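Secondary and tertiary structure notes
Chain by chain, the residues:
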Amino acid sequence: MKLSTYYKLYSVVGSGKLRFYSLGLLKLLGLRYLVVRFDTNWLCNLKCQMCFFSKEGYRENFIRPMGIDLFNKIGKDIFPKTRMLFMGCGAEPLMSPQFDQYAEVIGTYSIHLVCLVTNGQLINEKVAKSVIRNRFNQIIVSVDGAKKETYESIRLGANFEKLINNLRLLNNLKREYKSQVPDLRINFVAMKRNIDQIEELIELASELGISAIRVRSLGDWGGALDYKNEILSSEIYSSKVRKAAKYGESKDIEILFEGMYGPEENENRQDFYRPYKCVSPWYNLFVRGDGKVRFCTYQPFEHGDFTFQTFKEIGDSNKVKTMRKLLKENPNASCLNICKGEFSGL
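First, a word on what this report is: a plain description of the structure on this page. (Residues numbered from 1 in each chain as written. Predicted model: local features only at pLDDT ≥ 70, side-chain atom pairs only at ≥ 80, totals over all residues. Heavy atoms only, no water.)

As for the overall build of the protein chain
Helix and strand counts for the protein chain stand at 13 helices and twelve strands. Relative to a compact globule of 346 residues, whose C-alpha radius of gyration would be 20 Å, the protein chain shows 20 Å and is just as compact. Dimensions of the protein chain, computed from C-alpha atoms along their principal axes, come out at roughly 50 × 45 × 40 Å. Scored against the burial criterion, the 346 residues of the protein chain give a buried share of 55%. Within the protein chain, residue pairs in contact and separated by at least 24 positions form 72% of the contacts whose partners lie at least 6 positions apart. Positive and negative charge centroids in the protein chain, built from 51 and 39 side chains respectively, lie 5 Å apart. (Helix = DSSP H or I, 4+ residues; strand = E, 2+ residues; numbered from the N terminus. Rg over C-alpha atoms; globule rule 2.2 N^0.38 Å. Buried < 20%, exposed > 50% of the residue type's maximum accessible area, 1.4 Å probe, protein only. Contact = heavy atoms within 4.5 Å. Lys, Arg positive; Asp, Glu negative; His and termini not counted. Charge placed at Lys NZ, Arg CZ, Asp CG, Glu CD.)

Right under this line is the structure:
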């Protein structure tokens, strides 16, 4: 099943109590329900201008790659419960030299959807063979320009020709092994300097056998970028992306963007302050290279630690129980005051 299909099914389920009880039913029936985002390190080989890794002094926050023993321990605990696994959430997963060993572990659990999220610069034959052999469903590659100059001005340290060659290598190996997976998808951060290159990027994607492009509007993520001169108005973003989506249809490339899944993304933020509106702490899990855990991207990694705790012990902790109780019963006093209702979905 494509990732976009999961997004659409998720939007059909809606939010609030229906989503909460749907997740509860999956768990009760012993079915997989977790969405896990796993950063096996906190490192990056690039200094993308919109990313926190480009901020002065940020690299002092590095976390070395996770050892395979800890990865195995965590996998045994949570992968049998995992429906969707994203290898890479904020750092570059291929900075972990043991990535192929992680892939071998993942391949033993038959997870429904496994995605590698990467800037693509470190894809090589060893990496490509490991994701093909272990049936990764998708590789999501960050590409913010169809032209070399634009791409490299945003993703400092990257090489456009190397990216294209790496993707071609992957496609060649897929053909050699007669494999339909991993599917290729692009993540594109839309800003003033690149918004007019979306259709050209669709052309390039068509040549490279890429099935989907996820267009995200630029936000202030704490990087070195001059945000006020790059952020698009919602009107320009919407008109440009919807036009590109129609062009994508002619090339059999799906364009995913904010606002395409129905009214939830455009709801009045105050509407989030209702019981059960956010159910993230029941099914979302973020794991860091040192084993520490959080249930929401807006919170620090203080909900638990897999180096000495099990998933059940983390979920049964007073901190997590209190967070869930407030979201169910008293959302005005809950962690919704941190995210202002901006994080409650996939």
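Section: the environment of A205
When you line up the elements, A205 lands in helix α8 (residues 198–207). Expressed as a C-alpha distance, the spacing of A205 and T322, which sit 117 residues apart in the sequence, is 46 Å. Excluding residues within four positions of it along the chain, A205 makes contact with I186, I210, I213 and I253.

A closer look at the pattern of salt bridges
Within the structure shown, the criterion is met by 15 salt bridges. In this structure, E125 engages K129 in a salt bridge whose closest nitrogen and oxygen atoms are separated by 2.8 Å. Separated by four residues within a single helix, E125 and K129 lie in helix α5 (residues 125–133), roughly one turn from each other. For E125, a relative accessible area of 42% puts it in the partly exposed group. With relative accessibility at 26%, the residue K129 sits in the partly exposed group. (Salt bridge = Lys/Arg side-chain N within 4 Å of Asp/Glu carboxyl O.)

Considerations on the sheet that holds strand β10 (residues 284–287)
The sheet built from ten strands is open, its strands ordered β9-β8-β7-β5-β4-β3-β1-β10-β11-β12 with mixed pairing. Edge strands, defined here as strands with exactly one partner in the open sheet, are β9 (254–257) and β12 (304–305). Strand direction decides the pairing type here: strand β1 (residues 34–38) and β10, joined by four bridges, are parallel. Its bridge partner being in β10, V36 is matched across the sheet by L285. Docked against the sheet, helix α3 (residues 68–78) engages β1, β3 (82–87) and β10, running at close to 165° with respect to β1. (Pairing = 2+ DSSP bridges. Axes fitted to C-alpha atoms, helices over the stretch in contact; angles between N-to-C directions.)

Topic: the nonpolar core
Of all hydrophobic cores here, the largest spans 107 residues; its most connected members are F38, F71, I78, M87, I213 and V215. Sort the elements by how many residues they give to this core and helix α7 (residues 160–176) lands first, with six residues. With residues up to four places along the chain from it excluded, the contact list for M87 reads F38, T40, F71, P93, F99, Y102, I106, C115, L116, V117 and F136. (Core = buried A, V, L, I, M, F, W, Y, C linked by side-chain atoms within 4.5 Å.)

The analysis is restricted to geometry; functional conclusions fall outside its scope.
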